[in-house]
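Commentary on secondary and tertiary structure
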Amino acid sequence: MTEDDWRQRKEITDFQVNEISALQFEVVATCGPKARVGNLTLPHHKADTPIFMPVGTQGTIKGLTSQQLEDIGCQIILGNTYHLAQRPGPDLLDHVGGLHKFMNWNRNILTDSGGFQMVSLLDLADINEEGVNFQSPHDGSQMLLTPEHSMKIQNSIGGDIMMALDDVVSSTCPDRNRVEEATWRTLRWMDRCIASHKKQSTQNLFGIVQGGLDPHLREICLEGLIKRNCPGYAIGGLSGGESKDQFWRTVSLCTDRLPYNKPRYCMGVGYPVDLIVCVALGVDMFDCVFPCRTARFGTALVGDGSLKLRSPQFATDFNPPDVNVGGLVNEQYTRAQLHTLACKEQTGAQLITYHNICYMMKLMSDMRTAIVGNYFDKHVKNFFEQQYPDHKYPSWAVDALASVEINL
């Protein structure tokens, strides 16, 4: 079948269905129309949702040990299939028994499919029905990533959750035909992923909802993935430059349609305000490089926003970064110390990364507590008042929260 034939194919009548799930998910509390708390049991560990998952691209969170992540309370971390395939490689991971053993991590791992590199390495990628041909940014070598190859690599990595290879298009892509092509191809590739997934009893394969910012295409992808009975579902193709109004409406459309009894994962979302809004809209899982990346630039996340600790104003500030966050950094370091370290020493980036992940863990824990306690709307209002003391709230957030009966 030629590429043009694939483009013309609108109906997929012979599709694969997941028949085995290696997870259990139970919604244990709700508050308002959509916000919910769940218990997610995975092969290596239990996790509480809503949950934030730090990104460890090559099997490590830069600057932190696996034991530190466990001490902080991380329950799931991410690994990147494309980069792990480059180094240390699937053969070595097969030899040692997977990424858990390689990095001495006893809790859960989620691996992406490598699809995001279609956007981040677009100039080095050629996409067709077979898969994605990448040119390595490291040594120039070629790598053909097909759905089958992605599954093989992810089976070697051994993550508790694997993501299907999807055709990722930037959310700002102006070519609707390309977005429609990617939507249907995502479903076809989902079938190939299911068929080639060799460890269904120990690894869960999530589908990714694509469709850009077009509600009709999102509906097509949602319907197709739900028919395939995935253990969980991700909302993909966002956080790529679209307006925040488009962002929240797309998230809300997806959470309205996705099965109630399956975990919902919004990919690449990590700004605190975005997390609060998306939890209100019914999302269970999140990941983002933001907390770790911003730490490497000397920025600490705190209850009323952020602290740019390289700024001279913190040179004589002997308060902890945020006394309400807790953790080793707030117990043992002052802003003045972190200012000195962040300006000159790698240790500063490590300590601020530790603090920022502590902040994210507490942010999610506080939301879970508020939902269970049936005061999530009050919690959201308090959060926004602290972040925006002048009450100049982002209009998109006001509209999004109003849609779930939280009025700022």
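By the naming in an unreviewed UniProt entry, the chain is Queuine tRNA-ribosyltransferase catalytic subunit 1, taken from Acrasis kona. Taken verbatim from the UniProt record of the chain, the Subcellular location (unreviewed entry) comment is "Cytoplasm". The UniProt entry for the chain carries the following comment under Sequence similarities (unreviewed entry): "Belongs to the queuine tRNA-ribosyltransferase family."

Scanning all chains against the criterion turns up 19 salt bridges. Taking the shortest distance from any N to any O, the salt bridge between Arg228 and Asp191 comes out at 2.7 Å. Placement of the pair is Arg228 in the loop between α9 (215–227) and β12 (233–235) and Asp191 in helix α8 (residues 176–196), with a sequence separation of 37 residues. Across the pair, exposure class does not vary: Arg228 and Asp191 are buried alike. The structure contains a network of salt bridges with shared partners spanning Glu129, Asp167, Arg178, Glu181, Arg185 and Arg188.

Strand pairing in a sheet is mediated by backbone hydrogen bonds. Such pairs are either parallel or antiparallel. Spatial strand order, β4-β14-β13-β12-β11-β10-β6-β5: eight strands in an open sheet with parallel pairing. Each of the sheet's edge strands pairs with one partner strand only, and the pair in question is β4 (51–54) and β5 (76–79). Here the strands of the sheet are splayed against their neighbours by 25° on average, with no regard to which way each runs. α9 contacts β11 (204–209) and β12 of the sheet and is inclined by roughly 160° relative to β11. Sheet strands touched by helix α15 (residues 346–372): β4 and β14 (285–288). Its angle to β4, the strand with the most contacts, is close to 160°.

One open sheet accounts for three strands, arranged β1-β2-β3; its pairing is antiparallel. Sheet topology places β1 (24–31) and β3 (46–49) at the edges, where each strand pairs with a single neighbour. The average undirected angle you get between the axes of adjacent strands in this sheet is 15°.

With that out of the way, let us pick up the UniProt feature "active site" (unreviewed entry) in the chain. Mapped onto this numbering, the UniProt entry gives "active site" (unreviewed entry) at Asp112 and Asp287. A maximum C-alpha distance of 10.6 Å places the annotated residues, which cover 176 residues in sequence, within one compact spot. Tracing the sequence through the fold places Asp112 in the loop between β6 (108–111) and α6 (117–120). For Asp112, the side chain forms a polar contact with the side chain of Asn80, separated by 2.9 Å. Within the secondary structure, Asp287 is located in strand β14. On the basis of relative accessibility, which here comes to 9%, the residue Asp287 falls in the buried class. Excluding its chain neighbours within four sequence positions, the residues that come into contact with Asp287 are Phe52, Met53, Val55, Leu78, Tyr265, Cys266, Met267, Gly268, Val269 and Gly270. Within polar-contact distance, the side chain of Asp287 engages the side chain of Tyr265 at 2.7 Å.

What counts and what doesn't
- Residues numbered from 1 in each chain as written.
- Predicted model: local features only at pLDDT ≥ 70, side-chain atom pairs only at ≥ 80, totals over all residues.
- Heavy atoms only, no water.
- UniProt positions renumbered as here; feature names shortened; annotations may be inferred.
- Salt bridge = Lys/Arg side-chain N within 4 Å of Asp/Glu carboxyl O.
- Helix = DSSP H or I, 4+ residues; strand = E, 2+ residues; numbered from the N terminus.
- Buried < 20%, exposed > 50% of the residue type's maximum accessible area, 1.4 Å probe, protein only.
- Pairing = 2+ DSSP bridges.
- Axes fitted to C-alpha atoms, helices over the stretch in contact; angles between N-to-C directions.
- Contact = heavy atoms within 4.5 Å.
- Polar contact = N/O pair within 3.5 Å; in protein donor to acceptor, adjacent residues only side chain to side chain.

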